[in-house]
Structure formats: structure tokens, C-alpha cells
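Observations on the model geometry
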Amino acid sequence: MSRSAERLRMVINHLDRSTAPIRASPTSGQTFTYRPPQKLRYSFDTGMLTPEQRLFYEENGFLLIKNLVSEADIERFRQEFERICRQEVKVPGLLVMRDVAIAKSEFVPDERAVSKLQDFQENPELFRYCALPQILKYVECFTGPNIMAMHTMLINKPPDAGKKTSRHPMHQDLHYFPFRPSDHIVCAWTAMEKVNRQNGCLVVLPGTHKGTLQEHDYPDWEGGVNKMYHGVRDYDPNHPRMYVEMEKGDTVFFHPLLIHGSGMNQTQGFRKAISCHYASSDCYYIDVRGTTQENIENEVQEIAGKKYGINEVAFKDTWAFRGRLVQGERTSL
């Protein structure tokens, strides 16, 4: 270990997690600047992350871990996805989504007709992803030891049909979640194949996790927008961007306030990824009525009503129903 890394570890080991942001406090001296020790807000010291990794997440709001999920596991997830697309498997509560550009096409039931599977928690094979030990070791660094799997997705980004509908608008995941605190929530997003700018990799605005939840709505796109693809109404277009290019099995962990999205898939293949949003079971539900999240609450309640035939369903109940304990104790959520 380098001397600098050893010094960082010594500093971090003496710090408690704090809600105070990182600040530098210069003095009036011309040749000397005093900087107080950094208090790390966004991660716990479990011994899993290096000091450099913790500081990177602290500053940027995301962390890429290479080669975390095995090729064998990814192949099993792919095969189960294809079985679901062929309607060989029925999964209670599963939401099968199609890109708006192909929603009325005459595709036979196969993967070409499906752009995303959402809420696969009742499928044992896909849900194995959420409980992979190598994933949870990293998740615990951000949530603590009591971990709930709250939101599951397998994304099958289609080749763009020429209307740019394969894009995903820049957004914050917290917009969809009626639970807090945000610093105890993290997403794990694993590439199921090579992901690059050509097939629409994730693009992030580093450091935006330090801000607040912004107002979201459907963007005004000429080719249309996929269902529930809300975007941030107003963000700085000049903010530096990072394109998160990944190899199969690489996994990126990111904060729910990080502004991110993805570009068009300009290839002829489908770009697959599997993900889960985790939260500490110590988190608590909030009432989003009268907030910027009220529009997504109304939309979710409408979908739940049509899907389950329930006229009145609380937003938080739709999440409590989906959440699954994957480590520790279920204390609140």
C-alpha cells in the first residue's frame, strides 16, 4: 500500500459517518492552508472499500467495480430473461415493458418485443442477482448491514428505431422512491455484455448526488417517451459528464440523487443490464403528496389499479409489497 493510501486509511478509520458535507476551510495565511479532516457522509467503513474508493464515491456519487459478476451467472440471467420473453414463465407482479417505438409492432413473443422487465422479485432465478454475496458486500458499504432489495430491473435497450426513443432522459432515481434517507439507498447496475457509447452506456453528472431532488416530468421528445421515463426538468447542460463504459460483469454502484441517463443504442444488438436498488431496512416511508414526487405517485397508483384491480392503493404500500430482505433484519421498511 502506498504511503498516501495508508495515511488516508488512518484518517478514515478515525472518522464517524456524518451528514456534514466536505468543506475546505482556508486560513488567511499566504503560504499555509488548513483543511480540516474530511468526514465521509456517503459510505461506511466495512473494510471492503479502499480509502481511494470511498473518496471517489464521496466526490462523484458512483463507483465502478470491475468483473464483479461471473459470466456463468450472467448467462443464467440471460436464459431466464429469454424464457420470460417467450412467455414460458409467468411471474406474479412482473411488469413487461416495450419501447414506445415498437409497442404496436407485430413482433412474435421474444426478446425483440421487450425493452425492460421490472419488479422481478417473484422470479427466483433473476432475484438471485439481488442476493449475490459479492454484490451485497459492496452494498453494505452504502446501506449498512440491514439490506432490503426494493426495486429490480433487467433492461434490454433495443436498437433505436430512428426516433431516438431508446434514450433514457437524465433523471434521479430518488424521484421514484417514497422512502428516506437518500444516503442509505444505492443502486447496483451490472452490464450483461460490453456497454459503450455506441449501444447507450450510462452517462452521469458527477457530484450531483450532493444536491437536492429536482422536479421531474416527461421530456418533450419528438419521437415519444417510454412509460415512466421521467426526466429532470432543469439541470445545468454544461455540467461535466462521464460516460460509464463497462465490460460484461462490471458493476456500477450509484447514489439515488446522482443525475444520470443513457443515450441511444446505435447498434443492431440489444444492450442488456440487470440492476437492483437497495435500501437500509432502517429507512422509513414518507408522504410525497404536495411534493415534486406527486406526479409519479399518481402514475404508479394508476398502473397498480389497472394491474391489480385496486382503486385505492397507497404509494408506500406498492413499495412495501415489492421489498425483500436480503441481509440482516427487516426493521422498518
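Residues numbered from 1 in each chain as written. Predicted model: local features only at pLDDT ≥ 70, side-chain atom pairs only at ≥ 80, totals over all residues. Heavy atoms only, no water.

Per an unreviewed UniProt entry, the protein chain is named phytanoyl-CoA dioxygenase, and its organism is Ataeniobius toweri. Recorded under Sequence similarities (unreviewed entry), the UniProt text for the protein chain is reproduced unchanged: "Belongs to the PhyH family." (UniProt positions renumbered as here; feature names shortened; annotations may be inferred.)

Digging into the packing of aromatic side chains
One pass over the full model with this rule turns up nine aromatic pairs. Site record: aromatic cluster; members linked through ring pairs are Tyr57, Tyr138, Phe142 and Phe253. Residue placement shows Arg197 over the ring face of Tyr243; its charged tip is 3.6 Å from the ring centre. Note that Arg322 overlies the ring of Trp319, its terminal NZ or CZ placed 3.9 Å from the centroid. (Phe/Tyr/Trp six-rings, centres within 6.5 Å; stacked < 30°, edge-to-face > 60°. Lys NZ or Arg CZ within 6 Å of the ring centre and 35° of its normal.)

Regarding the nonpolar core
The biggest cluster of nonpolar side chains holds 40 residues, and the ones touching the most others in it are Tyr129, Ile135, Phe253 and Tyr278. Going through the elements one at a time, β1 (62-65), α3 (71-85), α4 (124-127), α5 (133-143), β4 (147-157), β7 (185-191) and β14 (271-280) are the ones with two or more residues in this core. In terms of residues, this core owes the most to one element, α5, which gives six residues. (Core = buried A, V, L, I, M, F, W, Y, C linked by side-chain atoms within 4.5 Å. Buried < 20%, exposed > 50% of the residue type's maximum accessible area, 1.4 Å probe, protein only. Helix = DSSP H or I, 4+ residues; strand = E, 2+ residues; numbered from the N terminus.)

Focus: the side chain of Thr208
With respect to the element layout, Thr208 can be found in the loop between β8 (202-204) and β9 (216-217). Apart from residues lying up to four places away in sequence, Thr208 is in contact with His239, Leu257, Leu258 and Ile259. (Contact = heavy atoms within 4.5 Å.)

Some details on the sheet that holds β8
In spatial order, the strands read β5-β13-β8-β11; together these four strands make up an open sheet with antiparallel pairing. Edge positions in the sheet fall to β5 (168-171) and β11 (242-244), since each of these pairs with one other strand and no more. Ignoring which end each strand starts from, the neighbouring axes of this sheet average 25° apart. The sheet contact formed by β8 and strand β13 (residues 260-262) spans three bridges and is antiparallel. The residue of β13 that forms the bridge with Val204 is His260. (Pairing = 2+ DSSP bridges. Axes fitted to C-alpha atoms, helices over the stretch in contact; angles between N-to-C directions.)

Thoughts on the pattern of salt bridges
Counted by the stated rule, this structure contains 17 salt bridges. Ionic pairing is found between Arg78 and Glu75, a salt bridge with its closest N-O pair at 4.0 Å. Here Arg78 pairs with Glu75, and both are found in helix α3, just three residues apart, close to one helical turn. Arg78 sits in the buried class, given a relative accessible area of 17%. For Arg233, the salt bridge identified is with Asp217, shortest N-O distance 3.0 Å. (Salt bridge = Lys/Arg side-chain N within 4 Å of Asp/Glu carboxyl O.)

Brief notes about unusual backbone geometry
With an omega of 5°, the peptide bond running from Arg180 to Pro181 counts as cis. Relative to the helices and strands, Pro181 is located in the loop between β6 (179-180) and β7. Even without being a glycine, Asn67 presents a positive backbone phi close to 50°. Inspection of the secondary structure puts Asn67 in the loop between β1 and α3. Here the phi dihedral of Asp119 falls at roughly 65°; this positive angle occurs in a residue that is not glycine. Of note, Asp119 is situated in the loop between β3 (116-118) and α4.

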